[in-house]
Amino acid sequence: EPEVTQTPSHQVTQMGQEVILRCVPISNHLYFYWYRQILGQKVEFLVSFYNNEISEKSEIFDDQFSVERPDGSNFTLKIRSTKLEDSAMYFCASEHSTNEKLFFGSGTQLSVL
Amino acid sequence: QKEVEQNSGPLSVPEGAIASLNCTYSDRVSQSFFWYRQYSGKSPELIMSIYSNGDKEDGRFTAQLNKASQYVSLLIRDSQPSDSATYLCAVTSNYGGSQGNLIFGKGTKLSVKP
């Protein structure tokens, strides 16, 4: 089965530093997402991306966050100035089209110290 | 604030029994409903989707939807130890649009005892 690939699997950073989380969605997929899950908490929607632009974002996705699809294969999430509360597992997900299966990557565990 | 509520468990059932997992949602315009399975430290994996009132069966899994009661359930028949995981209910108001933009419940932890 095709996979969504995320790198790195673990990222440790200092508070205030910028981090970029990387994802390679499945090649023929059209919709891309970032979710996060703080330890022991719900999976939370951050942002959706379609046709090279953000289609929807949650309240969590403030000015410190940005997404980019720089080269037609990668999909990145940037956090400009990390806070302690940004520590979470970040999942990238993609799907081909409407109401088909959403594929999640294995996640990047971000730890902000 | 759109909410999806689940009993956090743990729900413990013996091997071979039926496990019943429940979920309620607050947004009446919700259109699409999903059950995901998440093993500890892993990503969510889609088990079932349901869009219309009634039952939908797939192998050992049956999803049930009642929009009037804003209630979704998942039955797992002949439960196996490998079914031990956290089961996430997810909802979206999108219909005919992308499956994403999901609102997840906190999940019910299921333990199947051999």
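Everything below is about the structure shown above.
Residues numbered from 1 in each chain as written. Chains lettered and ligands numbered in written order. Predicted model: local features only at pLDDT ≥ 70, side-chain atom pairs only at ≥ 80, totals over all residues. Heavy atoms only, no water.

## Observations regarding the overall build of chain A
- Of the regular secondary structure elements, chain A holds zero helices and eleven strands.
- Listing the helices and strands of chain A from first to last along the sequence gives β-β-β-β-β-β-β-β-β-β-β.
- Against the globule reference of 13 Å for 113 residues, chain A gives a C-alpha radius of gyration of 13 Å, in line with a compact fold.
- The dimensions of chain A, computed from C-alpha atoms along their principal axes, are 35 × 25 × 25 Å.
- Within the span of chain A, comprising 113 residues, buried residues form 45% of the whole.
- For chain A, the share of sequence-separated contacts (at least 6 apart) that also reach a separation of at least 24 residues comes to 54%.
- For chain A, the exposed surface amounts to about 5,800 Å²; the carbon and sulfur share of it is 46%. (Helix = DSSP H or I, 4+ residues; strand = E, 2+ residues; numbered from the N terminus. Rg over C-alpha atoms; globule rule 2.2 N^0.38 Å. Buried < 20%, exposed > 50% of the residue type's maximum accessible area, 1.4 Å probe, protein only. Contact = heavy atoms within 4.5 Å. Areas by Shrake-Rupley, 256 points an atom, 1.4 Å probe, with all protein chains shown as cover.)

## Some points on the nonpolar core
- Residues Trp35(B), Val72(B), Leu74(B), Ile76(B) and Tyr87(B) are the most contacted members of the largest nonpolar core, which totals 23 residues.
- Setting aside its immediate chain neighbours within four residues, Ile76(B) contacts Ala17(B), Ile18(B), Ala19(B), Leu21(B), Arg60(B), Phe61(B), Asp83(B), Tyr87(B) and Leu110(B).
- Listed in part, the 22 residues of the second largest apolar core include Ile26(A), Phe49(A), Phe103(A) and Val112(A). (Core = buried A, V, L, I, M, F, W, Y, C linked by side-chain atoms within 4.5 Å.)

## Considering the pattern of salt bridges
- One pass over the structure, following the stated rule, counts five salt bridges over all chains.
- Glu44(A) is the salt-bridge partner of Arg36(A), the closest N and O atoms lying 3.2 Å from each other.
- With a relative accessible area of 10%, Arg36(A) lands in the buried category.
- Judged by relative accessible area, which is 27%, Glu44(A) ranks as partly exposed.
- A salt bridge links Glu45(B) to Arg37(B), with the nearest nitrogen and oxygen atoms 3.1 Å apart.
- According to the relative accessible area criterion, Glu45(B) is partly exposed, its value standing at 34%. (Salt bridge = Lys/Arg side-chain N within 4 Å of Asp/Glu carboxyl O.)

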